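Structural overview for review
Given next are the chains, with one letter for each unit.
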Amino acid sequence: MSLPLAAEPTIFVGRNGFGKTNLVESLFYLTNLRSHRVSSDAVLVRSGAADAQLTATVENAGRELTVDLTVRGEGANKAAINGRPVRRTREIAGILRSVLFAPEDLALVRGEPADRRRFLDEIVGNRGPGAVADKSDYDRVLRQRSALLKSAAAAMRRGGGDAASIISTLDVWDVQLAGYGSKVIAARINDVAKLKPLFSQAYSSIAPHSRPATLAYRSSLGPEVVNLDGTALEVASIEELMIERLAAIRDKEIERGQSLLGPHRDDLDIILGSDVAKGFASHGESWSLALSLRLGTVELLRADGIEPVIMLDDVFAELDAARRTHLAAFVDSAEQLLITAAVAEDLPDGIGGRVIGVDIEENEGQRRSVIQEVS
């Protein structure tokens, strides 16, 4: 399937399960190197196929760049820029900048810390390949160190000298974990500091009669990694603190066989009034908070001179009339807007643009999505 998209609103209309979300999901994947719906790449590949192919030509900073990405059901993905293969897929980060609003966004408020960490890493990832590399390297060291902790725990249960030998190597892994982890933590904290006023302003606009809303980064290292002005300590200071804290809890980590400190244990507190919103915010308040996070993200990118592609995946069907109207007014200024909807009636008044129908075609038992210009 090949589809040219102009700098205008484009609306994809089709029944649920016909493939509308696949279109915006593919662009989200090119931006963030992951799906917004599932954690495994394997389910993104059509049954019976070895891989999925994504290609997009993007105008980036006055240049036209074509990105080719091969998503594999098993093994490492591959990517190329303008036909030239890159060593690591993360090198394509930052070529396409996009922000996706989706029904899954409710998990940012009501879900687990992992949902909010992924949101933060999306924001940081917009910095480009360097920021993505720090998180990728941290995850790699974390996996290796956690495996070592499990081995140490098993060796201690067996007895003998293996445990001491394994434990002696932990100092090296602590240094690596703290080196990458401090960069991830600092980047997250600094972006939260920039996002916070934009989020608060968006929420007060959506819900003017509600309590004020704000954000706070909660680090497993403690509150001292955040300065009084909301910015992060220097990376070197965070690194030093992390090494110190890892040494202090080593026995506990070995006992549990897992890494207990670092950005993989952090959270973003979404605060309504004086309380963390998770667990007590109403359904309407939760949607307003989730929308405000996305609206704030768009404005954060715009503050850096970036106009992202804005994508709304069946989100109008989830909102009441007031929130629909507010979101419609906000995206009216988008340079490029992509919307999916099951029926045109889901869209609020004032939303217009190119309309493309999405349908299903069956051939010898195989189903595939097809698109057709409607207006």
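Throughout this document, residue positions are counted from 1 along each chain, in the order its sequence is written. Where totals are concerned, whole chains, interfaces and linings use all residues; where local detail is concerned, this predicted model gives features only for residues with pLDDT of at least 70, and gives and counts side-chain atom pairs only at 80 or more. Hydrogens and waters are ignored; side-chain quantities use all the structure's heavy atoms.

On to the overall build of the chain. Helix numbers and strand numbers start at the N terminus; a helix is a DSSP run of H or I with at least 4 residues, a strand a run of E with at least 2. Of the regular secondary structure elements, the chain holds 10 helices and 13 strands. Just to be clear, the radius of gyration here is over C-alpha atoms, and the globule rule we use is 2.2 Å times residues to the power 0.38. The C-alpha radius of gyration computed for the chain amounts to 22 Å, which stays within 12% of the reference 21 Å derived for 375 residues, consistent with globular compactness. Projecting the C-alpha coordinates of the chain onto the three principal axes gives extents of approximately 75 × 55 × 40 Å. Going through the 375 residues of the chain one by one, you find that 49% of them count as buried. Exposure is judged per residue with a 1.4 Å probe applied to protein chains only, and the accessible area is read against the type maximum: over 50% gives exposed, under 20% gives buried, and values in between give partly exposed.

UniProt positions are given in the numbering used here, feature names are shortened, and annotations may be inferred rather than shown by experiment. Mapped onto the present numbering, the UniProt feature "binding site: ATP" (unreviewed entry) falls at Gly-14, Arg-15, Asn-16, Gly-17, Phe-18, Gly-19, Lys-20 and Thr-21. Relative to the assigned elements, Gly-14 resides in the loop between strand S1 (9-13) and helix H1 (20-32). For Thr-21, the position within the fold is in helix H1. Not counting chain neighbours up to four residues away, the residues in contact with Thr-21 comprise His-36, Arg-37 and Asp-313. Only heavy atoms enter the contact rule, under which two residues are in contact if any of them lie within 4.5 Å.

Glancing now at the side chain of Ser-146. Within the fold, Ser-146 resides in helix H4 (residues 129-158). Overall, Ser-146 belongs to the buried group, its relative accessible area being 16%. A distance of 2.8 Å separates a polar side-chain atom of Ser-146 from the backbone oxygen of Leu-142. Excluding anything up to four places from it in sequence, Ser-146 contacts Gly-257 and Ser-259. Whenever two N or O atoms come within 3.5 Å, that pair is a polar contact, provided that in protein one can donate a hydrogen and the other can accept it, and provided that, for residues adjacent in sequence, both atoms are side-chain atoms.

Time to look at helix H7 (residues 235-248). A helix is expected to reach a length of 1.5 Å times the quantity of its residues less one. Under the 1.5 Å per step criterion, the end-to-end length of H7 is 20 Å for 14 residues, consistent within 8% with the ideal 20 Å. Tucked inside the fold, the buried residues of H7 contact H4, helix H6 (170-206) and helix H8 (250-256).

The axes used here are C-alpha line fits, helices contributing only the stretch in contact, and every angle between their N-to-C directions lies in the interval 0 to 180 degrees. Contact geometry of helix H3 (residues 113-125) with helix H9 (residues 283-303) gives a least axis separation of 11 Å together with a crossing angle of 15°. In terms of their interaxial angle, H3 and H9 are classed as roughly parallel. Considering the relative orientation of H3 and H9, their crossing is right-handed. On H9, the residues that touch Phe-119, Glu-122 and Ile-123 of H3 are Leu-293, Arg-294, Thr-297 and Leu-300. Per-class residue counts for the contact of H3 with H9 are four nonpolar, one polar and two charged. Any angle that falls under 35 degrees is termed roughly parallel, while one over 145 is termed roughly antiparallel, one within 65 to 115 roughly perpendicular, and all others oblique. Should the near helix be turned counterclockwise from the far one by less than a right angle, the crossing is left-handed, whereas a clockwise turn marks it as right-handed. Polar here means any residue outside two lists: the nonpolar Ala, Val, Leu, Ile, Met, Phe, Trp, Tyr, Cys and Pro, and the charged Asp, Glu, Lys and Arg; Gly therefore counts as polar.

The next thing to look at is the pattern of salt bridges. A pair can form between side chains of opposite charge whenever their charged atoms are brought close. For this analysis, a salt bridge means a side-chain nitrogen from Lys or Arg found within 4 Å of a carboxyl oxygen belonging to Asp or Glu. Tallied over the entire structure, the rule returns 24 salt bridges. Between Asp-105 and Arg-294 there is a salt bridge; the shortest N-O distance is 2.9 Å. Taken together, the residues span a long stretch of sequence, with Asp-105 in the loop between strand S6 (98-101) and helix H2 (107-110) and Arg-294 in helix H9 at a distance of 189 residues. Comparing Asp-105 with Arg-294 shows no difference in burial state: the two are buried. Salt-bridge contacts for Arg-211 lead to Glu-285; the nearest nitrogen and oxygen are separated by 3.4 Å. With Arg-211 in the loop between H6 and strand S7 (213-218) and Glu-285 in helix H9, this pair connects stretches of sequence that are 74 residues apart.

One open sheet accounts for three strands, arranged S7-S8-S9; its pairing is antiparallel. Single-partner strands in this sheet number two, and they are S7 and strand S9 (275-276). Strand pairing is assigned whenever DSSP detects at least two bridges linking the two strands. With two bridges connecting them, strand S8 (residues 267-272) and S9 associate as antiparallel partners. Within the sheet, the bridge partner assigned to Leu-272 lies in S9 and is Asp-275. The strands touched by H6 within the sheet are S7 and S8, with S7 carrying the most contacts at an inclination of about 170°.

What follows deals with unusual backbone geometry. In the Ramachandran plot, Asn-82 falls in the positive-phi region, its phi being about 50° despite a non-glycine side chain. Inspection of the secondary structure puts Asn-82 in the loop between strand S4 (78-81) and strand S5 (84-85). Residue classification places Asn-82 among the partly exposed residues on the basis of a relative accessible area of 37%.

A few words now on the sheet that holds S5. In any sheet, the strands associate via hydrogen bonds between backbone groups, in a parallel or an antiparallel arrangement. Reading across the sheet, the four strands line up as S2-S3-S4-S5 and stay open at both edges, with antiparallel pairing between neighbours. Edge positions in the sheet fall to strand S2 (51-60) and S5, since each has one partner strand and no second. Pairing of S4 with S5 involves two bridges; the strand directions are antiparallel. Considered in S5, the bridge of Ala-80 is made with Pro-85.

This part takes up the environment of Ser-200. Structurally, the position occupied by Ser-200 is in helix H6. Taking C-alpha positions, Ser-200 is 45 Å from Ala-153, a pair spaced 47 residues apart along the chain.

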